[in-house]
Amino acid sequence: MRKFWDPPAKQKKLLWRIHFPLLNSVPFLVFCFFALYFVSLYLLATPDVWSADISKSHDSDFKHALPYQKPMQSYLNLASDNPCVNSTGGARLQMFMVNDRDNEDKVKMEFVKKMLLHAWNGYEKYAWGYDELMPLTQTAKNWYDEFSLLMTPVDSLDTLWIMGLKDEYNRAKKLVLDTLDFSKINIHVSVFEITIRILAGLLSAYDLEGDQRLLAKAVELADRLLPSFDTQTGIPLNWINLASGEFRSTDIASTVPSTFLSEAGTLQLEFQYLSDMTGNPIYAEKALFAMEQIMAMEHPIPGIYPITVQVDTLKFGNCNVVHVHSTIKLTIFQPSTAYYSIGSGGDSFYEYLLKLWLSTGEERYWDVYYESAQSVFENLAKVSQNFHDVVYLPNHQFYSGILNPEANFHHLTCFAGGMFATGALARREGNWTEHLQLARQITDTCYKSYNKTVTGLGPELIDVNADPYYNREYHLRQVEFDDFVFQILKFIYWGLVRPETAESIFYMWRYTHDPKYREMGWNIVQNLNKWCKMPAGFSGLSHVSQFMAGFDQQTGEPIFTPPITNFEQHNRQYSYNLLKSTPEYPYVDAVSHDVVPLEKYVFNTEAHPLSVRGYGRRSNPADWSYVPVPKKVLKKYEVGGGKVKPFEMIGFEVGTTRQFSSAEVRKRKKIVDEMTNQALNNPLQNVYRANGNQQ
């Protein structure tokens, strides 16, 4: 009988005389077994959290439970077992929290209300009729030169109503109705900012109170925003003159019109609501078609989209000059160097996919949201290399087929905790438990960025892996508190007092009643009151913590600045933070669930609540404007003066993954290039839309 691994007879005898006894020895085999066993354990226990392979699932990234967390299931048992019932009345959601809905904290409610009143009184006294208060100098400023859009009064209307401050509400409403004249705003304004703040503020106040004059004012504004959609592709450009209707790209120096994903994809909730309220489908048609165009564009990773959109050619990516023809400089966007972000430039696009489903009940929007949420979970969410309880959503650069994450995240991404939790618990389908866990981890990471600063307020940008004593690259100023590192860029104001973390905390409290979330919100407003309150109102901070300024020449010890008692305030009371979202979310943390119930209202991206179909102002289905989703996204063009064969710019069936062979990609690119060359060679040197009908 041959022994284990007995050598063939013809092998060289000397070699096997040396090695064969060793291979057949029992101790050697036992050693090999245990070596392989421990190596396997090490590899399995060390997740490759920095892998850029976009096909890889990162499920293992989210198994690090935060040490102070209680099991979430104990809180979820309080919620309804059947949260979603589809019906013709929209997304009819059962109560997220069945028991203990009247759990109020009147002390916290009154504290936040007094803070808001202090900010509002300063505005009334020193900045009445202007956009914002400058609290240090006790003067006023407008966003757009001499033109006031009454940012503070309009942004604050629904907040004043929700907090029961009816006298202040009535004075603000009178100012808006009597003096706000959009026909006199003879300057380019941001379509995105005006929609999410002014249009949404008017619509939300109308929804809560029912004053038809507010709805009429919203219609007047929306009509003046509509020309921005009159581009070749129906995707709006972001800057429009409200008086003349002239519109332009964000980057006026660019030769090809462009916009950001969030600018074009964060108008739909407001415009759909306005169509339902007026019976005029034009608002929903324009906004929803723009979103369909974006989702149908070629993108290399299903479910997530680069943040820059080339409007005329329906391409994603960074802007590069690649061709010059006579007097025309053609600039295209190349997806090979695209940026992906759940922060600036991309954030509210994904948020509105979910909220369109919550608002209308249209299954189409649930499908595209879930695809995006799963893709974010798999491709963009990361675990800190140094601290495995830190889960975050960094920006990514995509080049050479690889997603490359940054080692930091922006405060703007902190809204995603609320988004993932809402999507998970409203539907409870697919990988909803993983999405809920991700929501909790993002929320806790973002709160930690507050809890580790001297002021207890959150920074704009957080570096999760940096060496705190490295002070050269990118002109960084850094400080480490405990196990978390904060990075300050010299040209970024740190103390914008953004609401995204408070927003996610609010949703997590409403869905779980875990008391830690209510305390998180309470800590934020207390620190805001401590560090940002001034005699005339509230301000932001130039920085929220100390940073390393250098080393002591004698001792070699690091020197930190500024003194803890001297955090510089900057001279602006932001309407959208200090009089809107940041105090509103902690306030609704403390009140009954039936004050703006999440089953009946959806908050827009600036915390303006709008009722969903089936409730409130949208109770009657006869009033709704149904806009059919096109089976294919098509556009017809005229080039110069001659007709061009109708070109299916995208041609993907709605709902597909949009992944094609390289031959198919080359074929589509060839068609686009032919159209581009035809436009360049035409004497009129223009391409314009001839027929915007959906087919």
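It should be emphasised that the depicted structure is a prediction, and the values quoted were computed from it without experimental measurement.

**Some remarks on the pattern of salt bridges**
Within the structure shown, the criterion is met by 26 salt bridges. Here arginine 101 ties to aspartate 594 by a salt bridge, and the two come within 2.9 Å at their closest N and O atoms. Within this pair, whereas arginine 101 is found in the loop between strand 2 (90-93) and helix 4 (106-126), its partner aspartate 594 is found in the loop between helix 18 (575-590) and strand 28 (601-603), the two being separated by 493 residues in sequence. Overall, arginine 101 belongs to the buried group, its relative accessible area being 8%. Residue aspartate 594 is classed as partly exposed on the basis of its relative accessible area, which comes to 47%. In this structure, aspartate 211 engages arginine 213 in a salt bridge whose closest nitrogen and oxygen atoms are separated by 2.9 Å. We classify aspartate 211 as buried; its relative accessible area is 12%. Because the salt bridges share partners, they merge into one network encompassing Lys173, Glu209, Asp211 and Arg213.

**Some words on the packing of helix 11 (residues 282-296) against helix 13 (residues 363-379)**
Between helix 11 and helix 13, the shortest axis-to-axis distance is 13 Å and the interhelical angle comes to 35 degrees. The handedness of the crossing between helix 11 and helix 13 is left-handed. Residues Leu288, Glu292 and Met295 of helix 11 form the contact with helix 13, whose participating residues are Arg364, Tyr365 and Val368. When grouped by side-chain class, the residues that make up the contact of helix 11 with helix 13 number four nonpolar, no polar and two charged.

**Topic: the state of the cysteines**
Taken as a whole and assessed by the stated rule, the structure comprises one disulfide. Note on cysteine connectivity: cysteine 414 is disulfide-linked to cysteine 446, with sulfurs 2.0 Å apart. Taking the sign of the S-S torsion, about -90 degrees here, the bridge from cysteine 414 to cysteine 446 comes out left-handed. Here cysteine 414, found in the loop between strand 18 (408-410) and helix 14 (416-427), pairs with cysteine 446, found in helix 15 (residues 432-451); they are 32 residues apart in sequence, far enough to count as distant. Residue cysteine 414 shares its accessibility class with cysteine 446, and that shared class is buried.

**Considering the packing of aromatic side chains**
Enumeration according to the criterion identifies 23 aromatic pairs in this entry. Ring centres of phenylalanine 111 and tryptophan 522 lie 5.0 Å apart, and the angle between their planes is 75 degrees; this geometry places the pair in the edge-to-face category. Highlighted residues: phenylalanine 111 in helix 4 and tryptophan 522 in helix 17 (residues 515-532), separated in sequence by 411 residues. Judged by relative accessible area, phenylalanine 111 falls into the partly exposed class, the value being 26%. Relative accessible area serves as the criterion here: at 15%, tryptophan 522 is assigned to the buried category. Here a set of aromatic residues connected by ring pairs shows up, and it is made of Phe506, Tyr507, Tyr511, Tyr585 and Phe603. It is lysine 166 that lies over the ring of tryptophan 161; its NZ or CZ is 4.2 Å from the centre.

**Remarks on the sheet that holds strand 5 (residues 188-190)**
In space, the three strands of this open sheet follow the order 5-6-7, with antiparallel pairing throughout. The outermost strands of the open sheet, each flanked by one partner alone, are strand 5 and strand 7 (247-248). Bridging between strand 5 and strand 6 (residues 239-241) involves three bridges; their strand directions are antiparallel. Across the sheet, the residue bridging to valine 189 is isoleucine 240, located in strand 6. Packing of helix 7 (residues 191-209) onto the sheet brings it into contact with strand 5 and strand 6, and relative to strand 5 it is tilted by some 60 degrees.

Definitions and limits used
Residues numbered from 1 in each chain as written. Predicted model: local features only at pLDDT ≥ 70, side-chain atom pairs only at ≥ 80, totals over all residues. Heavy atoms only, no water. Salt bridge = Lys/Arg side-chain N within 4 Å of Asp/Glu carboxyl O. Helix = DSSP H or I, 4+ residues; strand = E, 2+ residues; numbered from the N terminus. Buried < 20%, exposed > 50% of the residue type's maximum accessible area, 1.4 Å probe, protein only. Axes fitted to C-alpha atoms, helices over the stretch in contact; angles between N-to-C directions. Left-handed = near helix turned anticlockwise from the far one by under 90°. Contact = heavy atoms within 4.5 Å. Nonpolar A, V, L, I, M, F, W, Y, C, P; charged D, E, K, R; others polar. Disulfide = S-S within 2.5 Å. Phe/Tyr/Trp six-rings, centres within 6.5 Å; stacked < 30°, edge-to-face > 60°. Lys NZ or Arg CZ within 6 Å of the ring centre and 35° of its normal. Pairing = 2+ DSSP bridges.

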